[in-house]
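What follows is the residue order along each chain.
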Amino acid sequence: MSTPTFAIVGHPNKGKSSLVATLARDASVRIGPEPGTTVHAREFPMRAGGKVLYTLVDTPGFQRARAALDWLKQHDTSAGSRADIVAKFVQTHEHEDRFRNECELLRPVIAGAGLIYVVDGATPYGPEYDAEMEILRWTGQPSLAVINPIGEPRFVEPWRRALEQFFRVVRVLDVMKAPFDQQLELLRAFGQLRETWRQPLEEAVTALIEHRERQSSDAARVIVDMIAEALGHQETKDLGQGEDPARHAASLETNYQRRLRAIEARARREVESLYGFDELDREEIDMTLLETDLLSKESWLIFGLKKRDLVVVSATGGAIAGGVVDSALLGASFLAGSLVGGVIGGAIGYFSSSKLADLKLLRQPMGGVRLRYGPSRNVPFPFVLLNRALLHHTVVEGRTHAQRGALTIRDGNAAAMEAVQFVGDSTRELARLFDRLRRSEPGTEARADALATLTNEVMKLMALQEESARDPRGSSAPLLGSGQ
Amino acid sequence: MLMPTPERTQPDLADVVALARALERDEQRSSRELRDRETQLAPELPAANEDRVSVALAWLGAIEQRDTAVRSVHHRAETAFRLTGLAIAFAALLVGWLATLAAFYFDGSGRVNAVAVLAVLVGVPGLLLLPFLLAALPLAITQKLPGASALAGLARGLSPGRFGAWLWRTIAREAGETVAFVADRAAAHQQLYSGVQKWALLRWSQWFALCFQLTVLAAALVLVVFTDLAFGWSTTLTTGDAALDAQRVHRVTSFLAIPWNWIAPDAQPSLALIEQSRYFRVASQPLSPSQAAQLGDWWPFIVLTIAVYGVLPRLLTLAIAQSRSQAAIRATLMTSPGFSAVMRRLHSARIQTVAVEPESADPEARTRSPETPRAPVPPTTGNRVSAVINWSAVPIDEASVSAAFPEAQRLAAGGASSMEQDAALIRQLGSARNPASERGDVLILVKGWEPPLLEFIDFVKALRGQLAGDRAEIVVLPVGLDSDSSVGLHAASPAQLKLWRDKLARLGDPSLRVAADRQEVMA
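Remember, it's a predicted structure, so these values are computed and weren't measured experimentally.

Conventions used here
- Residues numbered from 1 in each chain as written.
- Chains lettered and ligands numbered in written order.
- Predicted model: local features only at pLDDT ≥ 70, side-chain atom pairs only at ≥ 80, totals over all residues.
- Heavy atoms only, no water.
- Helix = DSSP H or I, 4+ residues; strand = E, 2+ residues; numbered from the N terminus.
- Contact = heavy atoms within 4.5 Å.
- Areas by Shrake-Rupley, 256 points an atom, 1.4 Å probe, with all protein chains shown as cover.
- Phe/Tyr/Trp six-rings, centres within 6.5 Å; stacked < 30°, edge-to-face > 60°.
- Buried < 20%, exposed > 50% of the residue type's maximum accessible area, 1.4 Å probe, protein only.
- Patch = residues over 30% accessible without salt bridge, like charges linked within 9 Å, V, L, I, M, F, W, Y side chains within 5 Å.
- Salt bridge = Lys/Arg side-chain N within 4 Å of Asp/Glu carboxyl O.
- Buried area = accessible area lost by both parts, 1.4 Å probe.
- Polar contact = N/O pair within 3.5 Å; in protein donor to acceptor, adjacent residues only side chain to side chain.
- Nonpolar A, V, L, I, M, F, W, Y, C, P; charged D, E, K, R; others polar.
- Pairing = 2+ DSSP bridges.
- Axes fitted to C-alpha atoms, helices over the stretch in contact; angles between N-to-C directions.
- Left-handed = near helix turned anticlockwise from the far one by under 90°.
- 1 Å grid on protein atoms, 1.4 Å probe; cavity = no way out; pocket = protein on both sides within 12 Å on 5 of 7 lines; lining within 4 Å.
- Points joined across faces, edges and corners; volume = space filled by probe spheres on them.
- Domains from an automatic or database assignment.
- pLDDT = per-residue confidence, 0-100.

### Regarding the overall build of chain B
Each helix and strand in chain B was counted, giving 22 helices and eight strands. If you take every contact in chain B between residues at least 6 apart in sequence, the share linking residues at least 24 apart comes to 76%. Only carbon and sulfur atoms are counted for the fraction: they give 61% of the accessible area of chain B, which is about 25,200 Å².

### Here's the deal with the overall build of chain A
Check the secondary structure of chain A and you find 15 helices and 13 strands. Residue pairs at least 24 apart in sequence account for 76% of intrachain contacts in chain A once pairs closer than 6 positions are excluded. Here chain A has roughly 22,000 Å² of accessible surface; of this, 53% comes from carbon and sulfur atoms.

### Structural notes on the packing of aromatic side chains
Scanning all chains against the criterion turns up 18 aromatic pairs over all chains. Ring centres 5.4 Å apart and planes at 70° place the aromatic pair Trp71(A) and Phe89(A) in the edge-to-face group. Of the two residues, Trp71(A) is situated in helix α2 (residues 65-74) and Phe89(A) in helix α3 (residues 82-93); the sequence distance between them amounts to 18 residues. There is no split in this pair, since Trp71(A) and Phe89(A) are both buried. Measuring from ring centre to ring centre gives 5.3 Å for Trp391(B) and Phe456(B), while their planes differ by 70°; the resulting arrangement is edge-to-face.

### What about a nonpolar patch on the surface?
Residues and elements named next belong to chain B. A surface patch of nonpolar side chains, about 900 Å² in accessible area, is lined by Phe 90, Leu 94, Val 95, Trp 97, Leu 98, Leu 101, Val 222, Val 225 and Phe 226. Contributions of two or more residues to the nonpolar patch are made by α4 (68-103) and α11 (190-226). Sorting elements by how many residues they give to the nonpolar patch places α4 first, with six residues.

### Observations regarding the interface of chain A and chain B
Each side of the interface is counted separately: chain A has 68 residues, and chain B has 59 residues. Looking at the side of chain A facing chain B, the largest losses of area belong to Arg30(A), Glu34(A) and Arg66(A), adding up to 14% of the total buried there. Summed over the shared surface of chain A and chain B, the result is seven salt bridges. The salt bridge partner of Asp458(B) is Arg98(A), with a shortest N-O separation of 3.6 Å. Counting the contacts that link chain A with chain B gives 14 residue pairs in polar contact (both at pLDDT 80 or more). Counting residues per element, the ones that place at least two in the side of chain A that touches chain B are α1 (16-24), β2 (42-48), α2, α5 (128-139), α8 (195-232), α9 (246-274) and α10 (307-328) of chain A. Across the side of chain A that touches chain B, the residue classes tally to 29 nonpolar, 14 polar and 25 charged. Alignment of β2(A) against strand β3 (residues 351-352) of chain B, held across two bridges, turns out to be antiparallel.

### Description of the packing of α2(A) against α3(A)
All names here are of chain A. Direction vectors running N to C along α2 and α3 enclose 115°, while the axes themselves pass 10 Å from each other. Viewed along their axes, α2 and α3 form a crossing whose handedness is right-handed. Contact residues: α2 offers Ala 68, Trp 71 and Leu 72, while α3 offers Ile 85, Val 86, Lys 88, Phe 89, Thr 92 and His 93. Of the residues in the contact of α2 with α3, the class split is six nonpolar, two polar and one charged.

### Description of empty space enclosed by the protein
Following the criterion strictly, the structure yields three cavities of 30 Å³ or more and no others. There is about 110 Å³ of room inside the largest cavity. Forming the walls of the largest cavity are His11(A), Glu128(A), Trp391(B), Ser392(B), Lys447(B), Glu450(B), Pro451(B), Pro452(B), Leu453(B), Glu455(B), Phe456(B) and Trp500(B). By volume, the second largest cavity is sized at about 40 Å³. Forming the walls of the second largest cavity are His11(A), Phe62(A), Gln63(A), Ala65(A), Arg66(A), Glu128(A), Glu132(A), Leu453(B) and Glu455(B). The set of elements that each furnish at least two residues to the lining of the second largest cavity consists of α2 and α5 of chain A. Each residue belonging to the lining of the second largest cavity can be placed in one class, and the counts come to three nonpolar, two polar and four charged.

### With respect to the sheet that holds strand β7 (residues 474-479) of chain B
The pairing of strands in a sheet happens through backbone hydrogen bonds and is either parallel or antiparallel. All names here are of chain B. Read across the open sheet, the five strands follow the order β5-β4-β6-β7-β8; overall the sheet is parallel. The two strands at the open ends of the sheet, each matched to only one other strand, are β5 (409-413) and β8 (512-514). Sheet twist, expressed as the average angle between the axes of neighbouring strands with direction ignored, equals 25°. In the sheet, strand β4 (residues 385-391) pairs with β5 via five bridges, with the strands oriented parallel. When the bridges of β5 are listed, Ile 389 appears paired with Leu 411. Packed on one face of the sheet, helix α20 (residues 454-466) meets β4, β5, β6 (441-447), β7 and β8 and runs near 175° to β6. Its contacts with the sheet put helix α21 (residues 494-505) on β6, β7 and β8, and the angle it makes with β8 is roughly 165°.

### Describing the sheet that holds β3(B)
In space, the seven strands of this open sheet follow the order β6(A)-β5(A)-β4(A)-β1(A)-β3(A)-β2(A)-β3(B), with mixed pairing throughout. A single partner strand is all that each edge strand has here, and the edge strands are β6 (169-172) of chain A together with β3 of chain B. Sheet topology places β2(A) next to strand β3 (residues 51-58) of chain A; seven bridges connect them, and they run antiparallel. Paired with Ala48(A) across the strands is Lys51(A), a residue of β3(A).

### Here we look at the pattern of salt bridges
Within this structure, the stated rule accounts for 42 salt bridges over all chains. Measuring nitrogen to oxygen at the nearest pair gives 3.3 Å for the salt bridge that ties Arg66(A) to Glu455(B). One end of the pair, Arg66(A), is in helix α2; the other, Glu455(B), is in helix α20, on a second chain. In this structure, Arg66(A) and Glu455(B) share a single accessibility class: buried. The salt bridge partner of Arg266(A) is Glu229(A), with a shortest N-O separation of 2.4 Å. Here Glu229(A) lies in helix α8 and Arg266(A) lies in helix α9, a separation of 37 residues in the sequence. The network of salt bridges with shared partners includes Arg25(B), Asp26(B), Arg29(B), Arg37(B), Glu38(B), Asp67(B) and Arg345(B).

### A word on the domain arrangement of chain A
Residue and element names in this part refer to chain A. The domain boundaries assigned to chain A delineate domain 1 (5-193) and domain 2 (215-474). With both sides pooled, the region where domain 1 packs onto domain 2 buries about 760 Å², and carbon together with sulfur makes up 56% of that total. Inspection of the domain 1/domain 2 interface yields four residue pairs in polar contact (both at pLDDT 80 or more). Taken together, the elements giving at least two residues each to the side of domain 1 that touches domain 2 come down to α1 and α7 (180-191). With three residues, the top contributor of residues to the side of domain 1 that touches domain 2 is α1. Across the side of domain 1 that touches domain 2, the residue classes break down as seven nonpolar, three polar and four charged.

### Observations concerning the confidence of the model for chain A
Residues and elements named next belong to chain A. Chain-level statistics for chain A give a pLDDT mean of 83 and a share of 85% at 70 or above. Per-element confidence in chain A is highest for strand β1 (residues 5-10), whose mean pLDDT is 96, and lowest for helix α13 (residues 412-420), whose mean pLDDT is 51. The model gives residues 419-423 a pLDDT under 50, and that stretch makes 18 contacts with residues more than four places away or in other chains. Every residue in residues 474-484 is under pLDDT 50, and counting partners more than four places away or in other chains gives 38 contacts.

### Observations concerning unusual backbone geometry
That bond from Gly374(A) to Pro375(A) is cis: its omega, -5°, falls within 30 degrees of zero. Here Pro375(A) is to be found in the loop between β12 (367-373) and α12 (380-398). Positive phi, normally seen in glycine, also occurs at Asn13(A), with a value near 60°. Tracing the sequence through the fold places Asn13(A) in the loop between β1 and α1. Since its relative accessible area comes to 25%, Asn13(A) is described here as partly exposed. The phi dihedral of Ala393(B) is positive, around 55°, even though this residue is not glycine. Of the residues examined, Ala393(B) reaches a relative accessible area of 42% and is grouped as partly exposed.

What follows is the structure in structure tokens.
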């Protein structure tokens, strides 16, 4: 059984390439206002697990349809079928510049491709389309018409009436904005054109649904990883004795904020890449931090020791030394050596820690003051991050590959801040999970568990968002907030 | 075409280094590049839902075949780690041999102190298990006990594994760049690599310890076989009763011999041998050959003590360190920054919908330059419009056209007209005009919302051919759609006008222009 192939044909500039870009999720398709942007037929095979389930063929638009139809009519005297005459037309003219477009678009059709005829529902039907539709009818291939309202759908009904005379199935689809489920519905309609095409198209739809679910769960994980990284992020600066902390405080804060934005931007790129968008320009308002007093100071000692550690280590050392004496006396000292050694060692550790900081080894200070900016302890902060990420995800998920230009996200901070006022059922659970993230170390099982649970919660939120996007009555209110 | 690589399931340290390098190099590539690469690689790799480590190793193998930089780092790291292991084994062999010679030192006048031998060769290394256990404590415990993390850190700091770390830096001088990269990476992702670092150190330390104990065991056997050893024991802390002292020692040796008592009950000194082998330095007498042979009977006990209390625990700790090290390597491999993205891309690559071939070059580029301009025929401005052609049935009411151009002839072309009818119209226009007297322009009304097709260009060219020598202009007026669907002469949008103007300008006809509205037609 040959692979179902569908040639997307029609008048120039009616959205053929946009339909292909949307269905094939390929942003590399050239789409332009000038007629003749597409000059060669280009194939878009849909592969699942290495098997091609169907192929879309983007074709150039008709440029000389009336002249082509004239030629066909002139050759209609032979005993052959009309499809053979169309094939003969392609054979005769395929090396000529004059009917280059017509040959390019008819070649896949005479090879057996189904016809997907695209028209613009925002502009009126005219007699210049008749020649195109007549040629397509001559091919004898199963066909379907898509009315694509580029802008206001003023002429959809007249178009429908005109198209129904030539095509068995007529669908209306705004190819620039078509949601995922409408795209699948159209693919299923392709499968209805011929009995043998039904199964591969159903398989393709199933594979695409699974793929979309996987994309969502991957995106959820990317968002959760981003939140975990942002929550744990801190900037530190070790100062020697006598250095003024105030000099470094501002740069630490700047670095902290820059890094958080970089973490968020990287996650944005990855989510976009998951949905097949590369190097999208993004119009989004930068994250506003909800707290600015994250600076703290602590003393530090060489080898990462803290004062408490130094005391314990010294006491242990003293106890071991005392223990040697105890052993030598075969226990006659009743562990007094260990006890006294431990106390003396601990005391030495306690009093020498500040002295140690003053020393230098190989010109490097052995202790000093550590300035730390972050990590954020603000309760709404992860909610803001999550809301902004979900907002971005919704826009990316709903974007088709036919759309050009920057990805515009409405004021993420405002939406996120609105959300803080919102109390949802999942809010307490999320707050608990954010707290677990804050308390667990990367690489530990506790962290892995918290990440996995939070990913599940985020996926539920994504599903809710998708539902509310589908429901036009649904409010645009954010889904969650700190609820504190 | 990728060469098939044998499927591996267990990563090593060199894989961690190579993966880090590969992911670092990926950061310099665009998402598109990465996705295209993964699309090519995915069919060659195990399915993404299989063991993620196997997929990671297969992916890394495929990347190394394409990227010599990653392959080179992997090779250097592998060599450096192997050499480090060998150097540690050699150092342990040296230390073990010297320690055994020292412990078994026998000047011929006295006896080898069995207690000292066991203390040096088994006792001290046994005590050094304590720092290992301390260093191996899980983070969750060391964090809760005050000072435990510092002690664990100290234990790791004093571990002979440090020798391995130092060797890894020293031996791999040729891999200097790799070492610097690993150091940078470890510093930048301390938490991520801390597990790997900890267990790599501990594995090296246990490898050293095991090699030391094996050397001691081998050296002891060599000394037993090739020298005449007479063992004894001695103490200052006596109870005053020699029989009681001997019984105490016998109790200790019997206790130590419990592990092998069931299989080699004779491999422990008897009470009689213990009593006999006690000696006092002041009273030491040269031994007769038969006495010396008898005192040599300690050797099975000493050898088995070294084997059971020296070698076996280190085998166990090495196995633990090895297993934990492998687990840490696997965990690190899976959580390396950027690796999740690789897995996601590999999974996405299972479903492909995009074009196989890239988009061809911009087709308009070759036609964008204007065609060779026709011989200039200076147009006369202010000509009246002598003919109005409605191209492709522009939906406009006749009254508004008649009102705007009352003297013009009304014609129709394109759309439902046949090609023959179009040709006849052009002939009719040509024959009806007298160049000397008739200078009326030809106005073509077109649908502004439709793009200019080659069919229309053919028509304009044919018309111009028919009007050759005529000073009349051909004016194209794109008509726009009005929001109220009325059928007047509405102006097309600026974008539509631009499209028409750009397309027709390429014809290079100075007497062909696109008018925006009725006023411009008359200008």
